[in-house]
Structure formats: structure tokens, C-alpha cells
Amino acid sequence: RLMGTAWDGWANLHPDERHMVFVTQDIQRALEAALAGGRGWGEIWFGPEAVFDPRAEGKLYVYGDLPLIVVTLTSRALGTTDWGSTLLLGRNLTAVVEASTVLGVFMLGLRLGGRPIAALAAAALMAMAPTSLQLANFYTVDAWLSALCLWTLVALAALIGPEGRLRHAVAAGALAGLAGACKVTAAALILPALVAIVLIWRQRGARTALATTAVGLTVGIAIFRLANPSAFAGTGFWGLSLSTEMLADFAEVRAYIRDPGPPSNWQWLAGYPTTALARDAFLFGTGPVLGLLALVGLWRRPAGMAWLLLAALAGHLVLNATGEVRALRYLAPVVPLAAVLSVPAL
């Protein structure tokens, strides 16, 4: 994933990636100005003049703040905030974050299949999945979302296991909050979270299920507030009113994708049926080998942890395969799920 980082000769050809770099550089400058002006970190994070605001000066932005904040703070620590360094750092951090899904697949594979060799094979297939390799070389949010959604499932799988404790609920809530701070489609995690609650209710009773839900939900909201400050209009940590600018940007993008004027919209308006998306996901998302093994694994009667995976799969497909814009990269969180589901076949 760290090979071919300069695949475009640093021409920055990906339009979303180019926008991410523009926004990151604006935040870098705003942070330096705030620190030079003597503002403390609490005011920088939650003050009335938000520094980590990707929509400052009327910019359009519909993703989460987490990748922007991580790249901004890392670039400041390294003392490299020019355009080229920001692009390189953004791509490298994205590659590292995305590579962590290989370990996550291995850990979930052990829980699902029990045999280390099968889990290792699934992780290897994940390491070679075409869409995952490609997205690891872009400074965009899709790889961050995919990794954090998978790690949330790792925590949920531990939570419903015999060793499940409240600390696993804390981890699941924190990771889900971080996933939400990458992209709004992290809402797909609601389905596996509900499955986990039902399983805990059946195994350990209503009191434990309610306590687990309260802890996970509280931690998730708190982490989301910290990692995605621009989503809120209120000042201070407890200013939890949603940002009207963010909601307006979502509405503007929704109207934009229905506009027949921009050539980039013609592919959606011309028609890209679900069958075509499924074909492309099979050929270029997972790759044919992993895709076939995942389909075979789905025939196994689900039990326990498998319900978590199926719920997550359903959530991501409903949100990303049935909307107006059906881009293959939006199915990035499905690829590691396919790798884990291939374990029974392997």
C-alpha cells in the first residue's frame, strides 16, 4: 500500500483528493494563526471561531473532519505543511490506516472460523483486493471509513463473546464515533450494533444489554463530538446543536448530483443499475477469487458473530448500493466484510 504513492507524478488528478488538500491547507493556516494569536486548544477545538472548520469562507464539504485533523496535526508536528508534503502525508497515512484492515480481517476470521490458516488466507486476499489497494493511494475518506467500520465490528465481536465486558462497549462506541467522523454513511453500523444488543440481551439479560447500550452510545457521541467538531454549531463540548452549514452542504450536493449539466453526473443520469454495480464489485471491488469465496461462505448457516457481519453488509449495501450515486468506492467497507465471510469456504 505504500508502493506507488506517486502514481500520478504528484499531479493530484483525483478531484476529491485535490479538494481534501485545499481544505487541509486552509486548516493548517488557520491553526497556525490561532496558536500565534495565543488561543488555547480548548478554544481552538470548541470556540466560536472554529479552526477545524472545512466549510470556512463558504467552502463546500460533505465528509468528516477526522482525516483532516489527523493530517493537519501530523503535518504540524513534522514541520511540513506545503502542498506536496501535505499530499504525500495524506496518502501515506491513508495507506497505513487502510492496511490495518488486513489485521482486522485476520482477527475476525479467527473468531468466525477458528483456524489460523483460514483467517490468514482471508487476510491475504484482503491485502490484494483491487479497490482497497487503489483507495489506499488516495488522500480521501473512503479507506478511513472502511478501516474504522471494520474495527468497530472487531470490538462488537469481542463484546458478544464470552469475554465481553463494558470495556469492549467503550471500544465499540469510540470506534463507531471515529467512523462517523469520516463519513455519514458510517450510520450503517447501527444494524450490527442492534444485533449485538439483541445477542447480549439473550445471553446476559436486559440489564446488561441496557448498560452496554448506554455506555457505547455515550462514548460514541462524545468521540464523534471530539473528532468531528464542524458538525456542531454550539460552542464548548456541550454545544451539540447541528451545524446548519453542514446540513446546507448535504442539501446542495444532493441537488447537484441531480443536475444534468456537469458531465460527471451523466454516468448516474444515464443509468447504472444495481446489477452493473454488483458485477463491478465482483470484478474490481473484491476481485473474482475473493468474491467467489465470499459467496460460498454466505451459504453457511449464520450463527453468533456471523449475524454481525451480515447486518453490517446489509447496512452498507442499503446505504451505498441503492442511492442516486452508485460509485464502486462507496462500497469500500464491503470488501473486508467479504474477506471475513470467505473464511468458512477457505
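Please read all numbers here as calculations on a predicted model, not as lab measurements. Each chain has its residues counted from 1, following the order in which its sequence is written. Side-chain atom pairs in this predicted model are given and counted only at pLDDT of 80 or more, local residue features only at pLDDT of at least 70, and totals for whole chains, interfaces and linings cover all residues. Side-chain metrics in this entry use all non-hydrogen atoms of the structure; hydrogen atoms and water are not considered.

Engineer: Before we move on, could you go through helix 10 (residues 206-227) and cite the residues and values that matter?
Structural biologist: Only DSSP runs of H or I reaching four residues or more are called helices, and only runs of E reaching two or more are called strands; each is numbered from the N terminus. Residue count minus one, scaled by 1.5 Å, sets the expected span of a helix. Taking 1.5 Å as the rise per residue, helix 10 with 22 residues should run 32 Å; its terminal C-alpha atoms sit 31 Å apart, in good agreement. Accessibility here uses a 1.4 Å probe with only protein chains present; expressed as a share of the type maximum, an area under 20% marks a residue as buried, one over 50% as exposed, and anything in between as partly exposed. Among all positions in helix 10, only Ala-209, Thr-212, Gly-216, Gly-220, Arg-225 and Ala-227 are buried. We call two residues in contact whenever any of their non-hydrogen atoms come within 4.5 Å of each other. Those residues of helix 10 that are buried lie in contact with helix 2 (41-46), helix 3 (66-78), helix 7 (142-160), helix 8 (166-180) and helix 9 (190-204).

Engineer: Any details on the environment of Gly-47? Residues and values, ideally.
Structural biologist: When you line up the elements, Gly-47 lands in the loop between helix 2 and helix 3. Gly-47 gets classed as buried once you look at its relative accessible area, which sits at 13%. Between the alpha carbons of Gly-47 and Phe-237 there is a distance of 9.3 Å; along the sequence they are 190 residues apart. Those residues in contact with Gly-47 that lie beyond four places of it in its chain are Gly-42 and Thr-235.

Engineer: Any chance you could break down unusual backbone geometry for me, citing the residues and the numbers?
Structural biologist: In this structure, Trp-10 is a non-glycine residue whose phi angle is positive, near 65°. Mapped onto the secondary structure, Trp-10 falls in the segment before helix 1 (15-36). On the accessibility criterion, Trp-10 (38% relative accessible area) is partly exposed. With a phi close to 55°, Asn-12 is a non-glycine residue in the positive phi region. Here Asn-12 shows up in the segment before helix 1.

Engineer: Could you give an account of the packing of aromatic side chains, with specific residues and numbers?
Structural biologist: Two aromatic rings, drawn from Phe, Tyr or Trp (for Trp, its six-membered ring), form a pair once their centres lie within 6.5 Å of each other, and the interplanar angle then sorts them: stacked below 30 degrees, edge-to-face above 60, tilted otherwise. According to the stated counting rule, one finds five aromatic pairs in the structure shown. On the basis of an interplanar angle of 70° and a centroid distance of 5.0 Å, the ring pair of Phe-22 and Trp-83 is categorised as edge-to-face. With Phe-22 in helix 1 and Trp-83 in helix 4 (residues 83-113), this pair connects stretches of sequence that are 61 residues apart.

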